[in-house]
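# Overview (structure and organization)
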Amino acid sequence: MKEKSKIIFGNPMTGRTYQKALKSKKKYAKKFGDDSNRDYPVVLEKNPHIGDLLGVYDVRLGEDGTKGNGTFDTEKGIIVGNIRMGFGHYRISMAIASAAKSMGYIPYWMDLNSYKHTTCTKVISAQNDLYSLGSRLSGKSKLFNHFVWEPMNYEGFRKLSYNATDQKNAELMAPVYKNVPHEIPVVATHVWPAQAAVHADMKYVVNAVPDNWPMALHFAEGSLHTVQTHYAYQGYRILNGMQGKDVLKPMPEEDICYTGHYIDHELVSNIETDCALRRKRKETGKPMRFLLTIGGAGAQKEIFSEIIRYLLPEIKAQKAALYVNVGDYRNVWEELQKEIPDMRELSKEHFNRWEETKKFAENALEGEVTGIHGFWHENIFEAVYCTNLLMRSCDVLVTKPSELAFYPVPKLFIKRVGGHEQWGAIHSAELGDGTLECRDIPHTLQMIELFLSEKSMLLQMCDCIEKNKKNGVYDGAYKVVELAFDLRKKKK
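Figured I'd write up the structure that's included with this text. (Residues numbered from 1 in each chain as written. Predicted model: local features only at pLDDT ≥ 70, side-chain atom pairs only at ≥ 80, totals over all residues. Heavy atoms only, no water.)

## Description of helix 11 (residues 301–316)
- End to end, helix 11 covers 22 Å across 16 residues, agreeing with the expected 22 Å (1.5 Å per residue, within 8%).
- Taken together, the buried positions of helix 11 are occupied by K301, I303, F304, S305, I307, I308, L311, L312 and I315.
- The inward-facing, buried residues of helix 11 contact strand 12 (288–293), strand 13 (320–325), helix 12 (330–339), strand 15 (372–376), strand 16 (396–399) and helix 16 (441–453).
- Positive backbone phi, approximately 60°, marks Q318, located one or two places after helix 11. (Helix = DSSP H or I, 4+ residues; strand = E, 2+ residues; numbered from the N terminus. Expected span 1.5 Å × (residues − 1). Buried < 20%, exposed > 50% of the residue type's maximum accessible area, 1.4 Å probe, protein only. Contact = heavy atoms within 4.5 Å.)

## Focus: the pattern of salt bridges
- Taken as a whole and assessed by the stated rule, the structure comprises 28 salt bridges.
- The shortest N-O distance in the salt bridge between R279 and D463 comes to 2.9 Å. Residue R279 is located in helix 10 (residues 271–283), and its partner D463 is located in helix 17 (residues 456–470); the two are separated by 184 residues in the primary sequence.
- Of the charged contacts in the structure, one is a salt bridge between K358 and E355, with a shortest N-O distance of 3.0 Å. Separated by 3 residues within a single helix, K358 and E355 lie in helix 13 (residues 354–364), roughly one turn from each other.
- What makes K358 partly exposed here is its relative accessible area of 23%.
- Exposure remark for E355: the relative accessible area of 56% places this residue in the exposed category.
- Sharing partners across several salt bridges, the network here consists of E3, K25, K168 and E171. (Salt bridge = Lys/Arg side-chain N within 4 Å of Asp/Glu carboxyl O.)

## Overview of the sheet that holds strand 3 (residues 42–46)
- As summarised here, the arrangement of the 8 strands in space is 3-4-6-5-7-8-9-11, forming an open sheet in which the pairing is mixed. The sheet is open, and its two edges are formed by strand 3 and strand 11 (256–258), each paired on a single side. Averaged over all pairs of adjacent strands, the angle between their axes in this sheet comes to 25°, without regard to strand direction.
- Of the pairings in the sheet, the one linking strand 7 (residues 186–188) to strand 8 (residues 205–208) comprises 3 bridges and is parallel in character. When the bridges of strand 8 are listed, A188 appears paired with N207. (Pairing = 2+ DSSP bridges. Axes fitted to C-alpha atoms, helices over the stretch in contact; angles between N-to-C directions.)

## Let's talk about the nonpolar core
- In this structure, F290 and I307 are the most contacted members of the largest nonpolar core, which totals 96 residues.
- Contacts of F290, omitting those with residues within four sequence positions, involve L311, A320, A321, L322, Y323, V396, V398, I448, F451 and L452.
- By size, the runner-up hydrophobic cluster in this structure holds 37 residues, among which are L44, M110, V186 and A220. (Core = buried A, V, L, I, M, F, W, Y, C linked by side-chain atoms within 4.5 Å.)

## Considerations on the packing of aromatic side chains
- If you walk through the whole model with that rule in mind, you get 17 aromatic pairs.
- Ring plane angle 10° and centroid distance 5.1 Å describe the contact between Y231 and W423, whose orientation is recorded as stacked. In this pair, Y231 sits in helix 8 (residues 230–237) while W423 sits in helix 15 (residues 422–431), placing the two residues 192 residues apart along the sequence.
- The class of W423 is buried, set by a relative accessible area of 19%.
- Pairing Y323 with F375 gives two aromatic rings, centres 6.4 Å apart and planes at 85°, and the pair type is edge-to-face. (Phe/Tyr/Trp six-rings, centres within 6.5 Å; stacked < 30°, edge-to-face > 60°.)

## Structural notes on unusual backbone geometry
- With phi around 50°, F9 is a residue other than glycine that occupies positive phi space.
- Tracing the backbone shows F9 in the loop between strand 1 (7–8) and strand 2 (11–12).
- By relative accessible area, F9 is classed as buried at 4%.

Printed below as a string of C-alpha cells:
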C-alpha cells in the first residue's frame, strides 16, 4: 500500500503530523477492526429506483466466504464511488451516472457508506455522524457556528495536515475494491472513495472535487482531480493557504483538470426548452413556481418556514406555487404543517409514491400548477433525485449554496451551512444564474419579492443559463467521464 501521509504533492509533513495520522488509523482499527485480509464477494444488481432512469447498477458486497455474481462490463463499465453525506455527493454521483449513460457507458454505483459489515463503512459512518452532528448544532447555536463550525469548514479542512490523517484512515477503506476489476475507471464524488481506490491500486481514478473553496480535505494524490471552476483550479494548483502563509510546491499540471459543472444529461440537454417555458409563464402571469429543497435532517427549517409564511397569500391568490421536497425526512414536513396550519388546505402530498412523483414532474413541464406540493420519499435515491425531476419545471430553486449552486436553474441562495459554501453563491452570482447569498431572513424575503414583482431577475438568469450552456459551463459531468476513459487509453 502506497504511503500518502508523509509527503503530499512534494510537501513533507512534520513528524508530529504523521504520528497523528498513524494514531488516527490505529484508533479506528482498534474500534472497528482491520479487514485487509477479508475477501468480500461482489454482487451486482440493477438499482430499483434510478436503474431505468440513469442506467445504474449497484455494487453490493457480500459477507466474506459467500459467493458473488460480479460480472462487470470491463469495456463500457465505470465505477461511480461515493458516500452518503447529506444529499450533495449522491447528487453529483447521479450527474456522473446520467452523463455516462448518455455516452453509452454503464455506471456501477459504489456507496462506501453502505457496506455495514466492513471496516470501511464503520469508519465512514463514525466520521459522518460527527459531521452531521456539527451541521445540526451549527443551525441551532450561533456561538457554535461562529467559533467551531465555520472555522472548521473554512480553514480546518483546508490544511494539508488534515489530508495526511484522511489518507491514513483511507487505508482501512481499500479492501472494498478488492474484487472490483482494477482496469475499470473509477469516478469518485467524495474524496474517501478516491483515496480508497488509489490505496487499492485501482488503475484509473478520477476525483471529482465538489464546491468552490480549495481545501486539502479533497486531495487524493494518485488520482486525477477535476474541478468545476477556474477559481478552484488556481487554488488547488498552488495549494493556496493550505499550510498557513507558506508557499508550497504546486500540484503537478497532469493531476488536475477544469471541467465545468457536474450536471445531469437530462437537465443540460433541456436547458433551452425549460428556460423558454419559464419565460412564457412569467410573461403570461402564471403562478411563479418556487422549489424548496430541505435536506440534512431539516437544516435551516426556520428559514423555509418564514418563506412559506411569506408566500401563503401569493399562493392563495395564484401568483405563486410551491414545491417542497423534504427528502427522506418526513418529520420536517409534519413540523412545517404544525407551525403553519394554513398550509394544510393548500397542500397536496406526494409521499413515497415514486411513479406519481415522476408523472407530476413530467406533467408540470407544460401543465398548470397551483398550491403547495409536498414531496417525501423514504428511499434515499428517490429523495435526492426528486429535486432533479422538479428542477426542470420550477422557476426558482431556493437552496443553500452547496452542490445545487452549480445547477442550470434560476436560484435564490439562503444562508450557507459552513464557510466553504459561500464561494458557491459567489460563483453562481458572477455567472448570472443565481442570487447573492441572502444571509438573513429579511434579505431572503426581499429577493423573493423581486422575483415575484419584476421580470428582470428571472429573465436575466434564464439568458445567462443559456449563454453558460453555449460556453460549456455545464458540461463537467460529460468531461469527467471522458477523462476517466482517457486515463485508460493513455496508460494502456
